[in-house]
Amino acid sequence: MEEQQDQRNVRQDQEVLPKLDIPDTAPREIPTGAAVFDVKNTSIYYGSFRAVTDVSLNIHENEITAFIGPSGCGKTTVLRTLNRMNDLIVGARVEGDIHYRGASLYHKDVSPTAVRRRIGMVFQKANPFPKSIYDNIAYGPRINGIRNRGRLDEIVERSLKQAALWDEVKDRLNKSGLGLSGGQAQRLCIARTLAVEPDVVLMDEPCSALDPIATGKIEDLMKEIKSRYTIVIVTHNMQQATRVSDRTAFYSVLRDDKSDTRTGVLVEYGSTQQIFEDPHDSRTQAYVTGRMG
Amino acid sequence: MAVATNSAGHPIDLREPSGWRRSKNQIMTILMWLALVIILIPLGFVLVTLISKGAGAISWQFLTNSTIPPNVVPLGTGGMGAAVVGTLEITGFAALLAIPLGVLGAVYLNEYGGNGILARLISFMSSVMTGVPSIVMGLFIYIIWVLHFGYSGMAGSFALACLMLPIVIRSSYEMLRLVPDSLRQGSYALGATKARVTLTVVLPTALSGIVSGALLAVARAAGETAPLLFTILTVEQTNSNLFSGPDTALPFQIFSNAQSAYTGAEARAWGAALTLVAITFILMIVARIITALFTRNTR
């Protein structure tokens with residue numbers, strides 16, 4: 001679990017906010033692609049604890065959507081419901097309606113395995129399997145039944161090239177994936193996810209343990225692959241959100257002092273430029289200007 | 001000298017300050033070395049004694065001749081071949097029964113059972129089984145098997161497997177618990193089913209630890225005499241049929257020869273003991289090499 005961080009009182013005073021440095025090339029209004037996810041009035045529980053309340057948002061095709069917000073606001077929880085990873089947590093429960101390309105994601109006939117083959121995930125901490133680099137990438141295709149060596153070779157090369165790792169590892173594909181540096185290991189995990197050619201890639205703070213150079217590489221890579229994939233990224237780094245994302249969702253924590261419970265809420269969702277330059281909600285404004293969280 | 005100079009030119013002492021902390025460190029270091037020596041003394045003693053007393057008996061004939069001579073016969077006639085074959089067969093079959101079952105049990109406990117009643121019951125029962133004296137296992141098999149189907153090497157295997165099972169379950173379970181959850185999640189996120197995750201990520205990651213635990217169980221079983229007393233009886237000729245007729249094994253021969261006062265029997269007991277240790281040792285090395293080949297990318 002993410003550690004719950006004390007949330008300072010949000011100041012309501014309206015002062016002139018400094019504009020963030022967002023390149024002029026960023027489009028003002030993004031044309032709306034097809035909605036990949038349609039999340040409606042969704043609440044997520046762990047046992048009796050309500051982690052996230054009443055989230056509604058659409059995630060659009062071939063865009064990068066960023067989830068930002070203070071620790072404990074439920075952004076990772078929402079991310080993990082999108083490919084049913086929360087099913088693995090005993091007691092986790094989803095209420096509400098989540099549609100993925102028109103299909104109800106939590107319908108009883110839906111197989112989580114089939115969902116995860118289309119919706120891949122990259123984790124906060126790189127988790128290469130204790131296998132060779134080659135076998136790490138070939139893992140996904142193999143569980144999908146691809147046995148042909150030539151076909152696997154192709155997939156491994158393509159995936160590693162997409163993840164900008166090919167040149168660094170092409171001479172040691174048979175060496176252990178555990179021997180890679182932090183940034184390389186994370187790119188290996190991205191390549192592993194891309195190897196099954198998913199429709200959506202979910203990223204849970206993929207750069208939080210990486211230095212700026214490795215982070216830059218992964219951000220470039222995200223921008224490069226977004227024409228073929230839909231990406232949702234959770235990040236604590238607001239600069240990262242402004243650099244890579246098309247849309248940003250800001251989550252915050254609602255505290256109920258009476259029962260001493262906290263629950264995550266979606267405060268504001270819009271184009272990244274709007275969220276950072278012209279936030280409508282005072283809490284968003286306080287957060288993106290660094291006065292809160 | 002561990003003395004540096006700071007910017008003002010004053011020397012800084014970077015050594016561990018003297019006092020209780022330093023003394024504690026030294027005391028603990030000495031205690032640790034002492035513990036190591038205390039462990040090594042009996043181990044070295046046993047090995048040296050075994051080799052010095054047993055090496056004289058070892059010969060190709062001793063290892064392969066299939067007739068175990070009566071106690072009165074001096075060394076040089078007959079050999080322990082029957083017992084070597086018996087030990088290999090009985091322990092091997094016991095391992096074949098206990099290791100797959102034990103590993104599967106551990107997989108159930110750690111991956112599938114969760115906190116359910118059945119998982120807790122199995123876990124508890126296997127802990128209890130660890131404490132059952134080996135002779136009781138022998139008697140148990142005697143009552144439920146030998147009384148109905150007669151003595152056989154297989155009955156001995158059953159008894160040894162009962163003994164090995166809890167060790168294999170316990171050690172495999174501990175190894176599976178060490179597999180980081182992030183690896184399981186990584187596999188799930190690629191659309192793997194639970195069985196896939198277990199077979200292709202969890203078990204390979206834990207393999208070397210599971211093999212260590214299994215070897216420990218095999219070594220323990222190979223040296224057991226008591227469970228064999230009531231299950232294989234004993235013979236003086238090689239019984240290559242594991243499934244019927246009385247059999248014999250090295251621990252049994254050590255036991256019966258060491259009880260005897262004849263010098264020939266005594267020498268045979270030492271020789272058999274050294275043979276048993278050597279077999280276990282070779283088995284360990286072979287298993288280690290095989291595991292290393294299988295897991296060369298896991299670290």
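Residues numbered from 1 in each chain as written. Chains lettered and ligands numbered in written order. Predicted model: local features only at pLDDT ≥ 70, side-chain atom pairs only at ≥ 80, totals over all residues. Heavy atoms only, no water.

Visitor: How should I be thinking about the pattern of salt bridges in this particular structure?
Guide: When their charged atoms lie close together, side chains carrying opposite charge are able to pair. Residues and elements named next belong to chain A. Using the criterion set out here, one finds 20 salt bridges over all chains in the structure. Its salt-bridge partner being Glu95, residue Arg93 comes within 3.0 Å of it at the nearest N-O pair. Assessed through its relative accessible area of 38%, Arg93 is described here as partly exposed. Taking the shortest distance from any N to any O, the salt bridge between Glu197 and Arg158 comes out at 3.4 Å. Placement of Glu197 in the loop between helix 6 (182-195) and strand 7 (200-204) and of Arg158 in helix 4 (residues 149-162) is noted, with a sequence separation of 39 residues between them. When its relative accessible area of 23% is taken as the criterion, Arg158 is described as partly exposed. A single network of salt bridges, built from pairs that share partners, joins Glu61, Arg101 and Asp199. (Salt bridge = Lys/Arg side-chain N within 4 Å of Asp/Glu carboxyl O. Buried < 20%, exposed > 50% of the residue type's maximum accessible area, 1.4 Å probe, protein only. Helix = DSSP H or I, 4+ residues; strand = E, 2+ residues; numbered from the N terminus.)

Visitor: In this structure, what is going on with unusual backbone geometry? I would like to understand it.
Guide: All names here are of chain A. If you check the backbone angles, Asn41 has positive phi at about 40° while not being a glycine. With respect to the helices, strands and loops of the structure, Asn41 is situated in strand 1 (residues 35-46). Using a relative accessible area of 47% as the deciding quantity, one classes Asn41 as partly exposed. Phi angles above zero are rare outside glycine, and Glu205 is one such case at about 45°. Note on placement: Glu205 falls in the loop between strand 7 and helix 7 (212-225). The exposure class assigned to Glu205 is buried, which follows from its relative accessible area of 6%.

Visitor: How should helix 4 of chain A be read in this particular structure?
Guide: Think of an α-helix as 3.6 residues a turn; residues three or four steps apart then line up on the same face. Residues and elements named next belong to chain A. Helix length check: helix 4 (14 residues) gives 20 Å between terminal C-alpha atoms against 20 Å at 1.5 Å per residue, within 8%. Considered for burial, the residues of helix 4 that qualify are Leu152, Ile155, Val156, Ser159, Leu160 and Gln162. Down the axis of helix 4, the smallest arc covering the buried residues is 155°, so these residues share one side. Residues of helix 4 that are buried sit in contact with helix 3 (133-143), helix 5 (166-169), helix 6 and helix 7. (Expected span 1.5 Å × (residues − 1). Arc of directions from axis to C-beta. Contact = heavy atoms within 4.5 Å.)

Visitor: What's the story with the state of the cysteines in this structure? I'm lost.
Guide: By definition, a disulfide links the sulfur atoms of two cysteines through a covalent bond. Residue and element names in this part refer to chain A. For the structure shown, the criterion picks out zero disulfides over all chains. Cys207 provides the cysteine sulfur closest to Cys73, a residue in no disulfide bond, and the two sulfurs are 18 Å apart. Left unpaired, Cys189 is separated from the closest cysteine sulfur, that of Cys207, by 12 Å. (Disulfide = S-S within 2.5 Å.)

Visitor: What is the right way to read the interface of chain A and chain B from this model?
Guide: A common way to express how large an interface is: the accessible area buried when the components associate. Counting residues at the interface gives 28 residues for chain A, matched by 20 residues for chain B. Roughly 1,900 Å² is buried in total at the junction of chain A and chain B, and carbon and sulfur atoms are behind 59% of that figure. Considering only the side of chain A, the residues that lose the most area to chain B are Pro130, Tyr139 and Ile143 of chain A, jointly responsible for 28% of the buried surface there. There are zero salt bridges connecting chain A and chain B. Looking at the side of chain A that touches chain B, the elements with two or more residues in it are helix 2 (112-118), strand 6 (119-122), helix 3 and helix 6 of chain A. Residue contributions to the side of chain A that touches chain B peak at four residues, all from helix 3 of chain A. (Buried area = accessible area lost by both parts, 1.4 Å probe.)

Visitor: Where do I start with the packing of aromatic side chains in this structure?
Guide: Each aromatic ring pair is specified by the distance between its two centres and by the angle formed by the two planes. Going through the model one piece at a time under the given rule, you end up with nine aromatic pairs over all chains. Between the aromatic rings of Trp145 of chain B and Phe158 of chain B, the centroid separation amounts to 5.0 Å while the plane-to-plane angle is 85°, which identifies the pairing as edge-to-face. Of the two residues, Trp145 of chain B sits in helix 5 (residues 134-149) while Phe158 of chain B sits in helix 6 (residues 153-177), which places them 13 residues apart along the sequence. By relative accessible area, Trp145 of chain B is classed as partly exposed at 24%. Judged by its relative accessible area of 22%, Phe158 of chain B is partly exposed. An aromatic cluster is built from Tyr142, Tyr151 and Phe230 of chain B, whose rings are joined through pairwise contacts. One cation-aromatic arrangement involves Arg93 of chain A over Tyr45 of chain A; the distance from NZ or CZ to the ring centre is 4.4 Å. If you follow Lys194 of chain B out to its NZ or CZ, it ends over the ring of Tyr112 of chain B, 5.0 Å from the centre. (Phe/Tyr/Trp six-rings, centres within 6.5 Å; stacked < 30°, edge-to-face > 60°. Lys NZ or Arg CZ within 6 Å of the ring centre and 35° of its normal.)

Visitor: For this particular structure, what's the right way to read the packing of helix 6 of chain B against helix 8 (residues 194-222) of chain B?
Guide: The relative placement of two packed helices is expressed as an angle between their axes plus a distance between the axes. Residues and elements named next belong to chain B. Running from N to C, helix 6 and helix 8 cross one another at 150°; their axes reach a closest spacing of 8 Å. Overall, the two elements helix 6 and helix 8 adopt an arrangement that is roughly antiparallel. Here helix 6 and helix 8 pass one another in a crossing that is right-handed. Taken together, the residues of helix 8 that come into contact with helix 6 (itself represented by Leu160, Leu163, Met164, Ile167, Val168, Ser171, Ser172, Met175 and Leu176) are Val202, Leu203, Ala206, Gly209, Ile210, Gly213, Ala214, Ala217, Val218, Arg220 and Ala221. Split into classes, the residues belonging to the contact of helix 6 with helix 8 amount to 15 nonpolar, four polar and one charged. (Axes fitted to C-alpha atoms, helices over the stretch in contact; angles between N-to-C directions. Parallel < 35°, antiparallel > 145°, perpendicular 65-115°, else oblique. Left-handed = near helix turned anticlockwise from the far one by under 90°. Nonpolar A, V, L, I, M, F, W, Y, C, P; charged D, E, K, R; others polar.)

Visitor: What's the story with helix 5 of chain B in this structure? I'm lost.
Guide: Residues and elements named next belong to chain B. Taking 1.5 Å of rise per residue, 16 residues should cover 22 Å, and helix 5 covers 21 Å from first to last C-alpha, within 8% of that figure. At Tyr142, helix 5 shows its largest kink, close to 45°. Restricting attention to buried positions, one finds in helix 5 the residues Ser134, Met137, Gly138, Ile141 and Val146. The inward-facing, buried residues of helix 5 contact helix 4 (117-130), helix 6 and helix 9 (226-229). In the stretch just after helix 5, Gly150 is the one whose phi turns positive, near 85°. (Bend = angle between axes of the 7 residues up to and from the residue.)

Structural measurements only, silent on function.
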